[in-house]
Amino acid sequence: MIELSNVSKTYFSNNKGNGSNAIHALKEANLIVPKGTIHGVIGLSGAGKSTLIRCVNLLERPTSGTVTVDGQEMTNLSNAALNRARHRIGMIFQHFNLLTTRSVFDNVALPLELMGQKRHTVRERVIPLLEMVGLADKADQYPAQLSGGQKQRVAIARALASKPQVLLCDEATSALDPQTTSSILELLRDINHQLGITILLITHEMEVVKSICHRVSLISDGELVEDSEVGDFFTAP
Ligand code: ADP
Ligand code: ADP
């Protein structure tokens, strides 16, 4: 489960922190995503979506409020404890963020190597992950040789390498064509269904929410203003 309680994030663009150039990107956001569900947050560009999702794994540190993931409060952890906690939270991005100098196999292996796992343990984990995302035959290729959809599949395999309970998706299909988007969403749905992984995604696309989310919130000017079942959200008068 993911729980945000009164989470605010203020950026100070003049670095003085005196409020003169404060941007209130997130205002007292409250959100509960129950274990095993897919929750979408939809909003326009600049609404605060990236800030919200990056506050979950503390890529951004909230200015105030608390974030809890699987019963663990993230906002008061030491750096070492935060690194360990992040192993339980996978993340994928709009532009995939693969390492171009590493092969597909080595991209997926990276988080396991960073955790200090042995070569054969890494191999035993990476090969099934590549099979799951349909890229077992691409293990030795490099990101530049792959299509956008294939790159996102590699990123998904990498995000799942450390066996997280939670997957964060930051505009994960926004750089993909509609057909590729459908196939990636189908993969995310399977991951949720078969592995029971809780998914929080942000998007500016209605279709993404309609096609895989159980619940949806709307974010506007830093405020989370709705939280409803997807069916109710789209049939509301
Ligand atoms: P979205 O993901 O919905 O496009 P963001 O969370 O990226 O929205 O941005 C919300 C607001 O915060 C915007 O006004 C944006 O310019 C601002 N913002 C985001 N990141 C920073 C930052 N690191 N420093 C200053 N302002 C930022
Ligand atoms: P994306 O849409 O791929 O998330 P963005 O262009 O929204 O990319 O943001 C890229 C990075 O720049 C993020 O780390 C975000 O926090 C930061 N950022 C966004 N808006 C601002 C801003 N106004 N000032 C400084 N940094 C920003």
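Residues numbered from 1 in each chain as written. Chains lettered and ligands numbered in written order. Predicted model: local features only at pLDDT ≥ 70, side-chain atom pairs only at ≥ 80, totals over all residues. Heavy atoms only, no water.

The protein carries the name Cell division ATP-binding protein FtsE in an unreviewed UniProt entry, which gives Vreelandella maris as its organism. The UniProt entry for the protein carries the following comment under Function (unreviewed entry): "Part of the ABC transporter FtsEX involved in cellular division. Important for assembly or stability of the septal ring." (UniProt positions renumbered as here; feature names shortened; annotations may be inferred.)

Moving on to the pattern of salt bridges. Inspection of the entire model under this criterion finds five salt bridges. Arg-54 is paired through a salt bridge with Glu-60; the nearest N and O atoms lie 3.6 Å apart. Owing to a relative accessible area of 27%, Arg-54 belongs among the partly exposed residues under this scheme. Its salt-bridge partner being Arg-215, residue Asp-227 comes within 3.1 Å of it at the nearest N-O pair. Here the residue Asp-227 occupies a position in strand β10 (residues 223-229), and Arg-215 occupies one in strand β9 (residues 215-220), the gap between them amounting to twelve residues. Accessibility expressed as a relative area gives 38% for Asp-227, which makes it partly exposed. The partly exposed category is assigned to Arg-215, whose relative accessible area is 29%. Taken together, the shared-partner salt bridges connect Lys-9, Arg-54 and Glu-60 into one network. (Salt bridge = Lys/Arg side-chain N within 4 Å of Asp/Glu carboxyl O. Buried < 20%, exposed > 50% of the residue type's maximum accessible area, 1.4 Å probe, protein only. Helix = DSSP H or I, 4+ residues; strand = E, 2+ residues; numbered from the N terminus.)

To continue, consider the nonpolar core. In this structure, Ile-92, Val-126, Ile-156, Leu-167, Cys-169 and Leu-188 are the most contacted members of the largest nonpolar core, which totals 44 residues. Considering each element in turn, this core owes the most residues, six residues, to helix α5 (residues 148-160). With near-sequence residues (within four places) excluded, Ile-156 lies in contact with Ile-92, Val-133, Ile-184, Leu-187, Leu-188 and Ile-191. Formed by 30 residues, the second largest nonpolar core is a distinct cluster that contains Leu-4, Ala-47, Ile-89 and Ile-202. (Core = buried A, V, L, I, M, F, W, Y, C linked by side-chain atoms within 4.5 Å. Contact = heavy atoms within 4.5 Å.)

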